[in-house]
Amino acid sequence: MSSSRKKHFDLIRRGEKKPTLSGTLTFIGLRVADIPLQHALLSPSTRLGTNLLTALGLRTVYTTPPPSIPSSLLLPVTNLLSSPPTYPSRSLGWMSPLASLSPTPLLLFLMSVGSAAKQIYWHLALSQDSFPASAAVAVSAYNTLVNSGNALLFLALGTTSLLSRPGIRIPFLSDPSAATTTTTNGGLALPLSTVVGAALYVVGMAIETVSERQRAEFKSRAENKGRVCMQGLWRWARHVNYFGYALWRGGYCMVGSGWIGGFLMALAQGWDLSQRAVAVQDEYCSNRYGEQWVRFKNEVPYRIVPGVY
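Note that the structure is a prediction, hence the values are computed from the model and not measured.

1. Here's the deal with the pattern of salt bridges
This model, assessed by the stated rule, comprises eight salt bridges. Between Asp-34 and Arg-31 there is a salt bridge whose closest N-O contact spans 3.7 Å. Of this pair, Asp-34 and Arg-31 both sit in helix α1 (residues 21-42), three residues apart, which is roughly one turn of that helix. One exposure class covers both Asp-34 and Arg-31, and it is buried. For Lys-118, the salt bridge identified is with Glu-212, shortest N-O distance 2.8 Å.

Here you go:
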């Protein structure tokens, strides 16, 4: 009896180079729609996230903040600038809704904007594979679910990153509630996990975007038709873009829920990518490139994490 190989799940129709207008419009529309949703969840004025958690019987940072959370961390970021603007927030135009957000919610919101912009750029400029509407819905729904989870983890008192320790002072943010002039001049203390998470997000986004851009440029040249990209960041690991994705996803969650949440998210994303996505890519590339792919695996032994795995 011959054993059949397990078919790995894949949303993208790899090798099918055909534009899918319905998929493109669906993906862009849903990813853009996530942005106002994240603002509504995080905003202390719309209180969508706070009301949802309260309805579930959970305490939130805005309804029952403990003394261990400095009140300044919940103030709008415009109130915390060392040189606050002299103009009203409404004069900021389309950016005025950002003025009501405190530092961490502002970071989380900007991360949701960045993830949507990056993924739309990937779809329009870097990916050539067919992307049907069903795949667009699934990918968009997953990203919205995880982004919303990060927002709710921040708002929930039991999981918020505002309780994370230690802290680090941000010089350009002042602390109105500080008891002494020395503390005020030293800047507002944000959790170190927030700063580290933001850094991981930026580095991860850069690795994922740059690597995918390098591969797209390699494949756009006629002399590279049918060849494996072994240049640039692809010398670090065979699926180095997945490493970037796991990094920024972990950093995003770390900003919302602190050290443990960030590490767990990065590990979960890394495990999923190593068990599912890498298997899909290996199978596809082995069939498409044959001996080239075998040589690439020998020359670049690491799957996802450079120098580690």
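More follows now that the structure is in view.
2. Regarding a nonpolar patch on the surface
A cluster of nonpolar side chains, Leu-52, Leu-56 and Leu-58, forms an exposed patch at the surface whose accessible area comes to about 280 Å². With respect to the helices and strands, the residue Leu-56 is situated in the loop between α2 (48-55) and α3 (103-126).

3. A short note on the packing of aromatic side chains
Taken as a whole and judged by the stated rule, the model has seven aromatic pairs. Ring centres of Trp-122 and Phe-131 lie 5.9 Å apart, and the angle between their planes is 90 degrees; on these two criteria the pair is classed as edge-to-face. Each member of the pair Trp-122 and Phe-131 is classed as buried. The interplanar angle of 80 degrees and the centroid separation of 5.8 Å between the aromatic rings of Tyr-201 and Trp-248 together place this pair among those described as edge-to-face. You can see Tyr-201 sitting in helix α6 (residues 192-220) and its partner Trp-248 sitting in helix α7 (residues 240-289), a full 47 residues away along the chain.

4. Details of the packing of α1 against α3
Relative orientation of the contacting elements α1 and α3 amounts to 175 degrees, with a least axis distance of 9 Å. Here α1 lies roughly antiparallel to α3, going by the angle between them. Residues Thr-24, Phe-27, Ile-28, Arg-31, Val-32, Asp-34, Ile-35, Gln-38, His-39 and Leu-42 of α1 form the contact with α3, whose own contacting residues are Pro-105, Leu-108, Phe-109, Ser-112, Val-113, Ser-115, Ala-116, Gln-119, Ile-120, His-123 and Leu-124. Classifying every residue of the contact of α1 with α3 by side-chain character gives 12 nonpolar, seven polar and two charged.

5. Side note on α1
With 22 residues, α1 should cover 32 Å at 1.5 Å per step; its first-to-last C-alpha distance of 32 Å lies within 8% of that length. Along α1, the residues that are buried comprise Gly-23, Thr-24, Phe-27, Arg-31, Asp-34, Gln-38, His-39, Ala-40, Leu-41 and Leu-42. Tucked into the core, α1 has its buried residues touching α2, α3 and α4 (133-155).

6. Here we look at the nonpolar core
Counting 47 residues, the largest nonpolar core has Leu-42, Val-61, Phe-154 and Leu-162 as its most contacted members. Taken together, the elements giving at least two residues each to this core come down to α1, α3, α4, β2 (188-191), α6 and α7. Within the second largest apolar cluster, seven residues are counted, among which are Val-228, Cys-285, Phe-296 and Val-300.

7. Structural notes on unusual backbone geometry
Look at the link from Arg-165 to Pro-166: it is a cis peptide, with omega at 0 degrees. With respect to the helices and strands, Pro-166 occurs in the loop between α4 and β1 (167-170). The phi angle at Arg-47 is positive, at roughly 60 degrees, despite the residue not being glycine. Its place among the elements puts Arg-47 in the loop between α1 and α2. Since its relative accessible area comes to 30%, Arg-47 is described here as partly exposed.

8. A short note on the environment of Trp-248
Residue classification places Trp-248 among the buried residues on the basis of a relative accessible area of 0%. As a C-alpha pair, Trp-248 and Ala-206 span 42 residues in sequence and 9.1 Å in three-dimensional space. Beyond its immediate chain neighbours, meaning those up to four positions away, Trp-248 contacts Ser-115, Gln-119, Asn-143, Leu-200, Tyr-201, Gly-204, Met-205 and Glu-208.

The rules we used
- Residues numbered from 1 in each chain as written.
- Predicted model: local features only at pLDDT ≥ 70, side-chain atom pairs only at ≥ 80, totals over all residues.
- Heavy atoms only, no water.
- Salt bridge = Lys/Arg side-chain N within 4 Å of Asp/Glu carboxyl O.
- Helix = DSSP H or I, 4+ residues; strand = E, 2+ residues; numbered from the N terminus.
- Buried < 20%, exposed > 50% of the residue type's maximum accessible area, 1.4 Å probe, protein only.
- Patch = residues over 30% accessible without salt bridge, like charges linked within 9 Å, V, L, I, M, F, W, Y side chains within 5 Å.
- Areas by Shrake-Rupley, 256 points an atom, 1.4 Å probe, with all protein chains shown as cover.
- Phe/Tyr/Trp six-rings, centres within 6.5 Å; stacked < 30°, edge-to-face > 60°.
- Axes fitted to C-alpha atoms, helices over the stretch in contact; angles between N-to-C directions.
- Parallel < 35°, antiparallel > 145°, perpendicular 65-115°, else oblique.
- Contact = heavy atoms within 4.5 Å.
- Nonpolar A, V, L, I, M, F, W, Y, C, P; charged D, E, K, R; others polar.
- Expected span 1.5 Å × (residues − 1).
- Core = buried A, V, L, I, M, F, W, Y, C linked by side-chain atoms within 4.5 Å.

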